[in-house]
Number of protein chains: 4
Amino acid sequence: MDRKLQIGVIGAGRIAQLHIDNLAYRIPEAEVVGIADINFERAEEIAKKYKIINVYEDYKELLGNPDVDAVFICSTTDTHSPVSIAAAKAGKHIFCEKPIDRKLERIIPVLEEIKKAGVKYQVAFNRRFDHSYKHVRDVVREGKIGNVHIVKITARDPKLAPISYLKDSGGLFLDMCTHDFDMVRFLSGSEIVEVTAIGTCLVDKSVEKIGDIDTAITTMKLSNGALAVIDNSRQAVYGYDQRVEVFGSKGCVCADNATGDTTSIYTVEAVTKNKPLWDFLERFNDAYVEEARCFIDSCLNGAEIKADANDGLQSIKAALAAARSWKLGGIPVKVEE
Amino acid sequence: MDRKLQIGVIGAGRIAQLHIDNLAYRIPEAEVVGIADINFERAEEIAKKYKIINVYEDYKELLGNPDVDAVFICSTTDTHSPVSIAAAKAGKHIFCEKPIDRKLERIIPVLEEIKKAGVKYQVAFNRRFDHSYKHVRDVVREGKIGNVHIVKITARDPKLAPISYLKDSGGLFLDMCTHDFDMVRFLSGSEIVEVTAIGTCLVDKSVEKIGDIDTAITTMKLSNGALAVIDNSRQAVYGYDQRVEVFGSKGCVCADNATGDTTSIYTVEAVTKNKPLWDFLERFNDAYVEEARCFIDSCLNGAEIKADANDGLQSIKAALAAARSWKLGGIPVKVEE
Amino acid sequence: MDRKLQIGVIGAGRIAQLHIDNLAYRIPEAEVVGIADINFERAEEIAKKYKIINVYEDYKELLGNPDVDAVFICSTTDTHSPVSIAAAKAGKHIFCEKPIDRKLERIIPVLEEIKKAGVKYQVAFNRRFDHSYKHVRDVVREGKIGNVHIVKITARDPKLAPISYLKDSGGLFLDMCTHDFDMVRFLSGSEIVEVTAIGTCLVDKSVEKIGDIDTAITTMKLSNGALAVIDNSRQAVYGYDQRVEVFGSKGCVCADNATGDTTSIYTVEAVTKNKPLWDFLERFNDAYVEEARCFIDSCLNGAEIKADANDGLQSIKAALAAARSWKLGGIPVKVEE
Amino acid sequence: MDRKLQIGVIGAGRIAQLHIDNLAYRIPEAEVVGIADINFERAEEIAKKYKIINVYEDYKELLGNPDVDAVFICSTTDTHSPVSIAAAKAGKHIFCEKPIDRKLERIIPVLEEIKKAGVKYQVAFNRRFDHSYKHVRDVVREGKIGNVHIVKITARDPKLAPISYLKDSGGLFLDMCTHDFDMVRFLSGSEIVEVTAIGTCLVDKSVEKIGDIDTAITTMKLSNGALAVIDNSRQAVYGYDQRVEVFGSKGCVCADNATGDTTSIYTVEAVTKNKPLWDFLERFNDAYVEEARCFIDSCLNGAEIKADANDGLQSIKAALAAARSWKLGGIPVKVEE
């Protein structure tokens, strides 16, 4: 390692801090050299804590710094696409929090611009970097379960997010399911062709009032002929319930929930085991490090990007089709419509 | 126990023998006193083996025997409804193999006739009598998982049945999924309102040639507002894959596959465990005894019938809706249409 | 099958009834033709229930019946050896409840007599016929875990037996651990050479008053150089805790407890699973049938006896050595002393 | 946090680096300000990597540095006790790798000196800081399983260490089992009173040549009347096999192995799961951080030391008793002898 990758971070919220911490302490090949946030004080505070030398209010100044090799875009969702375009024009490699955008007409130009600029672009589909999910994918790719017939995903959040957050989240399918649509593609190695979604409001009636749902089942037809299904809930009181299963002609591979420990308690009443880990930060703790490490490796050594802009695009397309199917009362909607 | 319930069995095929064996050896309260089959020799053979005193070619003669308190209808599917009606008219209690019929217009008269006759009528939904499934249902009923949000069922047969059988089976939804639709109703305590089904042929292309499918995902809306989903395959090479899960406002309860033993082998390559039990006879061995025992108990002591004619009707209605949804390209179909 | 094996049962207690039920309903190759018990009424009652034609007060009369091919000795422990000798002299094949006797000087003559008479002799080590334990043994025999290094057995009864029973039971090692010593030999395919035992009274102080213990750990050296350990308790409130593990140069194989069903419940408090089955009748239900079936098969078709008189002898030798080690304060005791 | 705890590290080997890495990146409250190693170059290299300002060849110079609040003793085992004494005399808090020493007469003075100096002293029993083991201990302490009857520990290394290492390791009991004896005390909350050990050489005959064993079973009587047992192997080819179980009057609590992921693969041959984690660095990765964090917390805020010098002493006493029992052919040896 001759030279560390010099990184600028755009945004200074929770997820930005998570990445900065990982870059500072877990990935020796990287160095955070700048941070930008419209809330300058917040950026300064983090800069102080992590000894980041350059602090900006305007991300464009950060992009103007020739020492910056790559940026992590951790600002609000609506800024992801314009910042991506500006960063690509500035010749920076880009790690962008998901989603790139919620509108196709704003994602397409990003793909064009990064192609033109020839920069690396990674979308933060952290689950692709989780040990268990990678193992499932590898088992599928190696043909151990034969041809894929059915992909099943359970994705349930532990706790309903505040209504204030949900209001601007884009709705269940765009906010929560994009990870799951990406998993369907990742695990099957196939594209989503058609989507049918049913949904309802069972966790909290306030969700209905903002025109959204909190419980849904989405089925899909894939380009290789296989079927897929996702079930979602905004609230599983026992923890972050994240399971996947791929069934094929020669067998089945699945990943169960991760738990906090491996204990069992036997009493006259029952056998008790530990609950699933509580949230995505606990569950995908290592995956966050791994996704950053892979991005740095791509920038420094040309390693393949494992979650690229097209992956970001396809996942949004599927989510939009699901949202449309649900609104139309559950009729099938083609993704390429 | 003053007097055993005198039973006549109609049909002398595999499932008839299974019931006769259970009635003879596992249920002291019952006695098989007659058997009828159009193949008289086959009936005679079984009669000899189990010391059944009366053997008939025509089931109507069996129904005419005043010593017979109750009948087990184990003849071919197309005979279930006419035999049911004749048995009801003869005042016999009836245990009928599933399905009652595949056509609603032939099931309705059965319900009317048994109502008129005031006889007991049980449909052979054996899964309702399985320890694990009963436990799941009890947990739901006791409110331990709160309000039901999602019911999920995986039902995969270990091996594709012969095409000759499949040709007359009524298709995947009517042949294989009626058990699963019944489980959705049984576990949720709620009715199926709307069904959407996608399906395809991935196990064997011969299935496509007879106009059927071997892989399907069916989603449902239930009368209590909950959602449900079933995934089916005609062939899971690793065994009879039968799992259920009910997710609710206060938790989740599920039943995993049963295995042949409890061993684990740890080697340098992997940790290996036993596979799921191979087929329905292994898996629901005890459930077959239990369903017969409960029926006998209803006849002798007036205990509640746990899978009645209406259960048989509702399951067929859901299956017909699913088949229709699939044929219409996956649009939602109301069950009451 | 030309002729059923004609069986006489000696004893009419709980275990006798269990065997009679299995012979009557589960094993078509056998027929119980006689029963003897010093409590004639009890014998008559069972005879009536199972339609057994000959009832005796004196077991010698049963042995005198030339129609009887084989006997099941289910009378009290102190009668096992004299009845065995008498039965052998009468030329009957013998299935004997465990133990043959608690004293070596009374077991040796049994072995001599059955050798002289050339009759089949099976001891009721039912665990050898359990699916999981057989699987463990097969994995070991097939060399899948290489050379055996350590055998570990956990054997805990669900509930302390009444003190009245324990008083005449011969003590923990002779009453409870003979099954476990047999398992060590069965799973390792090796003899027990030296035994060291520590024990104490923790479940109930009444056990101490009768000079016995309720909690023990016994270690062993085996003839193939491997080590073994058994831990015992007279009371595991959560159920019948029976687990085995064999560790070797190439891996490890173990059998976990069997449970009543396969359900899991996830709530905000915990994940709960079903408890181990409650007692030996539940846990080894199928093993009882299988051991009888194997014995019948040996008598009728010359199949190998899978738990013979020598197995009964060796297990008692180990138990006596363990009892001696415990009484001597935990010093090692050779089995051949 | 006003001021970080200033730490000096003595030794620059593998375990020293592990602690330095954790202190640098995972524990914000600490700062490594000095490192000493007789191999000065090695110390310098690490100092450079972690920006440690003071590098010494002689640990006494480090102890002389008034900025150093606490030391991590990571030098060779024979130096632990003299360095501990010198550090105590210098008024430094001490975190000492295990064991303090292998001889009682060299451990006692350490305890005296730290008492006199009033400094904090923690022994590196990392397992006390593992999530699962802590959970087991908490369940026991809270009385959920009632009075402790039996403690069971399985401790098997994945791979035989080189003979060159084993030769100077002090033997299986002193090198490998001290962790396990500490776990018996930790989980039971009770002292080890008497030890009986049997052992043999089954993994590799070279171990026998150096007068050691590679396979052992050790039983114990505890001061609260409970029994305990440990089984050890120097080589479990399937991974680092570390399991504990505490059985009591009201139930049982156990901690199973941790695995690399949560996947299962179902095929026509078997169900395969992931193996246990490979070694102590993988398995106790988080426990290493936690033990350091707790020590820092004790030094800065007076929190209780969770593995103190007496714990180190007691574990060695039990190991010495075990070694003596084994050498004497398996007779019981009192710990206080």
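Residues numbered from 1 in each chain as written. Chains lettered and ligands numbered in written order. Predicted model: local features only at pLDDT ≥ 70, side-chain atom pairs only at ≥ 80, totals over all residues. Heavy atoms only, no water.

Novice: Looking at this model, I keep getting lost on the pattern of salt bridges. Mind explaining?
Specialist: A side chain of one charge can pair with a side chain of the opposite charge if their charged atoms are brought near each other. All names here are of chain C. Applying the stated criterion to the full structure yields 102 salt bridges over all chains. Across the pair R185 and D311 runs a salt bridge, and its minimum N-O distance is 3.0 Å. A residue pair is termed long-range when its members are at least 10 positions apart, and R185 in helix α9 (residues 178-188) and D311 in helix α13 (residues 309-327) qualify at 126 residues. The exposure class assigned to D311 is buried, which follows from its relative accessible area of 10%. (Salt bridge = Lys/Arg side-chain N within 4 Å of Asp/Glu carboxyl O. Helix = DSSP H or I, 4+ residues; strand = E, 2+ residues; numbered from the N terminus. Buried < 20%, exposed > 50% of the residue type's maximum accessible area, 1.4 Å probe, protein only.)

Novice: Help me out: how do you make sense of the interface of chain B and chain D in this one?
Specialist: In this complex, chain B contributes 13 residues to the contact, which on the side of chain D involves 13 residues. Together chain B and chain D conceal approximately 1100 Å² of surface at their shared face, both sides included; 67% is due to carbon and sulfur atoms. Counting the surface chain B buries against chain D, the share from its top three residues, Y266(B), V271(B) and K275(B), is 39%. Here chain B is connected to chain D by 0 salt bridges. There are 4 residue pairs in polar contact (both at pLDDT 80 or more) connecting chain B and chain D. For the side of chain B that touches chain D, the secondary-structure elements that each account for two or more residues are β13 (263-267) and β14 (271-273) of chain B. Residue classes in the side of chain B that touches chain D are distributed as 7 nonpolar, 3 polar and 3 charged. Of the strand pairs in this sheet, β14(B) and strand β14 (residues 271-273) of chain D are connected by 3 bridges, and their pairing is antiparallel. Counted as the bridge partner of V271(B) is K273(D) from β14(D). (Contact = heavy atoms within 4.5 Å. Buried area = accessible area lost by both parts, 1.4 Å probe. Polar contact = N/O pair within 3.5 Å; in protein donor to acceptor, adjacent residues only side chain to side chain. Nonpolar A, V, L, I, M, F, W, Y, C, P; charged D, E, K, R; others polar. Pairing = 2+ DSSP bridges.)

Novice: What exactly am I supposed to notice about the sheet that holds strand β4 (residues 70-73) of chain A here?
Specialist: Residues and elements named next belong to chain A. A sheet is described by the order of its strands in space; here 6 strands give the open sequence β3-β2-β1-β4-β5-β6, paired in parallel fashion. At either margin of the open sheet sits one strand with a lone partner, and together these are β3 (54-56) and β6 (121-123). In this sheet, neighbouring strand axes are inclined to one another by 20° on average, regardless of whether the strands run parallel or antiparallel. Where strand β1 (residues 5-10) meets β4, 4 bridges bridge the pair, whose relative direction is parallel. Across the sheet, residue V9 finds its bridge partner in β4, namely F72. Taken strand by strand, helix α4 (residues 80-89) contacts β1, β4, β5 (93-96) and β6, and its axis lies near 165° from that of β5. (Axes fitted to C-alpha atoms, helices over the stretch in contact; angles between N-to-C directions.)

Novice: For this particular structure, what's the right way to read the UniProt feature "domain: GFO/IDH/MocA-like oxidoreductase" (unreviewed entry) in chain A?
Specialist: Taking the UniProt record as the reference, the feature "domain: GFO/IDH/MocA-like oxidoreductase" (unreviewed entry) is found at residues 133-252 of chain A. The span residues 133-252 of chain A is 28% helical and 36% strand by assignment, and the distance between its end C-alpha atoms comes to 14 Å. (UniProt positions renumbered as here; feature names shortened; annotations may be inferred.)

Novice: What am I meant to see in the UniProt feature "domain: Gfo/Idh/MocA-like oxidoreductase N-terminal" (unreviewed entry) in chain A here?
Specialist: Here the UniProt-annotated "domain: Gfo/Idh/MocA-like oxidoreductase N-terminal" (unreviewed entry) positions come out as residues 6-125 of chain A. The straight-line gap between the two end C-alpha atoms of residues 6-125 of chain A is 22 Å; of that span, 44% is helix and 22% is strand.

Novice: Please explain the relation of the copies chain D and chain C as it appears in this structure.
Specialist: Here the second copy of the chain follows from the first by a rotation about an axis and a shift along it. Overlaying chain D with chain C gives an RMSD of 0.0 Å, the required rotation being 180° about an axis along which the chain moves by 0.0 Å. When the rotation and shift are considered jointly, the pair of chain copies conforms to a two-fold rotation axis. In terms of C-alpha distance to the rotation axis, chain D has I331(D) as its closest residue, with the C-alpha 2.4 Å off the axis. Comparing contact sets, 100% of the residues at the interface of chain D also lie at the interface in chain C, consistent with an isologous, same-surface contact. (Least-squares fit on C-alpha atoms with pLDDT ≥ 70 in both.)

Novice: What should I look at first to understand the sheet that holds strand β3 (residues 54-56) of chain C in this one?
Specialist: The pairing of strands in a sheet comes from backbone hydrogen bonds and takes either a parallel or an antiparallel form. Residue and element names in this part refer to chain C. The strand order across the open sheet formed by 6 strands is β3-β2-β1-β4-β5-β6, and the pairing between neighbours is parallel. The two strands at the open ends of the sheet, each matched to only one other strand, are β3 and β6 (121-123). Adjacent strand axes in the sheet meet at a mean angle of 20° when their direction is disregarded. Where helix α4 (residues 80-89) meets the sheet, it contacts β1 (5-10), β4 (70-73), β5 (93-96) and β6, and its direction lies at approximately 165° from that of β5.

Novice: What is the right way to look at the packing of helix α1 (residues 14-25) of chain B against helix α2 (residues 40-50) of chain B in this model?
Specialist: Axis angle and axis distance: for two packed helices, these are the angle between their axes and the distance between the axes, and together they describe the pair. Residue and element names in this part refer to chain B. The geometry of α1 relative to α2 is characterised by a closest axis approach of 11 Å and an angle of 20° between their N-to-C directions. By the criterion of interaxial angle, the relationship of α1 to α2 is roughly parallel. Considering the relative orientation of α1 and α2, their crossing is right-handed. In this structure, α1 contributes Q17, I20, D21, A24 and Y25 to the contact, and α2 contributes I46, K49 and Y50. Grouping the constituent residues of the contact of α1 with α2 by class yields 5 nonpolar, 1 polar and 2 charged. (Parallel < 35°, antiparallel > 145°, perpendicular 65-115°, else oblique. Left-handed = near helix turned anticlockwise from the far one by under 90°.)

Novice: When you look at unusual backbone geometry in this model, what are you seeing that I'm missing?
Specialist: It is generally the case that most residues other than glycine have a negative phi and that most peptide bonds are trans. Of the consecutive residues K98(B) and P99(B), the connecting peptide bond is found in the cis state with omega at -10°. Here P99(B) is to be found in the loop between β5 (93-96) and α5 (104-117). Even without being a glycine, K51(A) presents a positive backbone phi close to 55°. Take K51(A): it is sitting in the loop between α2 (40-50) and β3. Using a relative accessible area of 73% as the deciding quantity, one classes K51(A) as exposed.

Novice: Even after reading the chapter, I still don't get the domain arrangement of chain A, so can you show me in this structure?
Specialist: Accessible area lost during the coming together of the parts is what is often quoted as the interface size. Residue and element names in this part refer to chain A. The domain boundaries assigned to chain A delineate domain 1 (5-119) and domain 2 (128-279 + 314-334). Measuring from the centre of the C-alpha atoms in domain 1 to the corresponding centre in domain 2 gives 29 Å. Facing 6 residues of domain 1, the contacting portion of domain 2 comprises 10 residues. Together, K98, R102 and L104 form the three largest contributors to the area buried by domain 1 at its contact with domain 2, with a combined 82%. The tally of links between domain 1 and domain 2 comes to 0 salt bridges. Between the two partners, domain 1 and domain 2, sit 4 residue pairs in polar contact (both at pLDDT 80 or more). (Domains from an automatic or database assignment.)

Novice: I would appreciate a short explanation of a nonpolar patch on the surface in the present structure.
Specialist: Nonpolar side chains collect at one region of the surface, where L328(A), I331(A), L328(B) and I331(B) lie side by side and expose about 310 Å² of accessible area between them. Relative to the elements of secondary structure, L328(A) occurs in the loop between α13 (309-327) and β15 (333-334). Residue classification places L328(A) among the partly exposed positions, given a relative accessible area of 45%. (Patch = residues over 30% accessible without salt bridge, like charges linked within 9 Å, V, L, I, M, F, W, Y side chains within 5 Å. Areas by Shrake-Rupley, 256 points an atom, 1.4 Å probe, with all protein chains shown as cover.)

Novice: How should the interface of chain D and chain C be read in this particular structure?
Specialist: Across the contact, 42 residues belong to chain D and 42 residues belong to chain C. Interface area, chain D with chain C, both sides summed: about 2900 Å², of which 68% is carbon and sulfur. It is I198(D), L227(D) and F247(D) that lose the most area in chain D upon contact with chain C, and together they represent 18% of the buried surface on that side. On inspection of chain D and its partner chain C, the count reaches 6 salt bridges. At the boundary of chain D with chain C, the tally comes to 8 residue pairs in polar contact (both at pLDDT 80 or more). Those elements that provide at least two residues to the side of chain D that touches chain C are β7 (148-156), β8 (192-200), β9 (215-222), β10 (227-233), β11 (241-248) and β12 (251-255) of chain D.

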